[in-house]
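So you can see what is in the structure, the chains are spelled out below.
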Amino acid sequence: QVQLVDSGGGLVQPGGSLRLACAASGFTLDDYAIGWFRQVPGKEREGIACIDSNNGPTTFAESVKGRFTIFKDYPKNTVFLQMSSLKFEDTSVYFCAAGSSCKSTRFEYWGQGTQVSVSS
């Protein structure tokens, strides 16, 4: 079955870095676009980054542009989100998701979420 497992969250100081992983099973990474989202209590879910199917173009939210990078590791069947220069406002639960394209409004499969906390 199709499954996404996201991991790599933790506590980090401002200015620090973390790498989140989205391990996919039941499908090849070329079949779906993979996006990263984040959500804090009381606020709307925010799309952060996305890489299209077939290792296509990437897109980033303005809030993370220049600080976050997304890439696919095909041998590991895993999509990574490399986060650097982390800020307090980056604190959130992060989710990866698979959909038809990065322009899609619907993502079919979701990871369970991983907590990122930025604090001094």
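To be clear, the structure that these remarks concern was listed above.
Residues numbered from 1 in each chain as written. Predicted model: local features only at pLDDT ≥ 70, side-chain atom pairs only at ≥ 80, totals over all residues. Heavy atoms only, no water.

Student: Can you tell me about the nonpolar core, naming the residues and giving the values?
Tutor: Ile34, Trp36, Phe68, Val79, Leu81, Met83 and Tyr94 are the most contacted members of the largest nonpolar core, which totals 27 residues. Broken down by secondary-structure element, the contributors of at least two residues to this core are β3 (18-25), β4 (33-39), β5 (46-51), β7 (68-73), β8 (78-83), β9 (92-99) and β11 (114-118). If you tally residues by element for this core, the top one is β3, at four residues. Ignoring any residue separated from it by four or fewer positions in sequence, one finds valine 79 in contact with Leu20, Ala21, Cys22, Leu29, Ile34, Trp36, Ile51, Ile70, Phe71 and Lys72. Phe37, Cys50, Ala97 and Cys102 belong to the second largest nonpolar core, which has six residues in total. (Core = buried A, V, L, I, M, F, W, Y, C linked by side-chain atoms within 4.5 Å. Buried < 20%, exposed > 50% of the residue type's maximum accessible area, 1.4 Å probe, protein only. Helix = DSSP H or I, 4+ residues; strand = E, 2+ residues; numbered from the N terminus. Contact = heavy atoms within 4.5 Å.)

Student: Go over the pattern of salt bridges with me, naming the residues and quoting the values.
Tutor: Under the counting rule described, the total for this entry stands at four salt bridges. Two residues, glutamate 62 and lysine 65, come together in a salt bridge whose shortest N-O distance is 2.6 Å. A residue is classified by how much of its surface remains accessible, and glutamate 62, at 65% relative accessible area, is exposed. By relative accessible area, lysine 65 is classed as partly exposed at 46%. Salt bridges sharing partners connect three or more residues here, namely Arg38, Glu46, Arg67 and Asp90. (Salt bridge = Lys/Arg side-chain N within 4 Å of Asp/Glu carboxyl O.)

Student: Describe in detail the environment of lysine 72, supporting the description with residues and values.
Tutor: Within the secondary structure, lysine 72 is located in strand β7. Once the C-alpha coordinates of lysine 72 and alanine 33 are considered, the two residues, 39 residues apart in sequence, prove to be 11 Å apart. In this structure lysine 72 touches Leu29, Tyr32, Ile51, Asp52, Ser53, Asn54, Asn55, Thr78 and Val79, once residues within four positions along its chain are discounted. Within the structure, the side chain of lysine 72 is placed 2.9 Å from the backbone oxygen of leucine 29, a separation counted as a polar contact. Within the local environment of lysine 72, its side chain forms a polar contact with the backbone oxygen of aspartate 52, the two atoms lying 3.0 Å apart. (Polar contact = N/O pair within 3.5 Å; in protein donor to acceptor, adjacent residues only side chain to side chain.)

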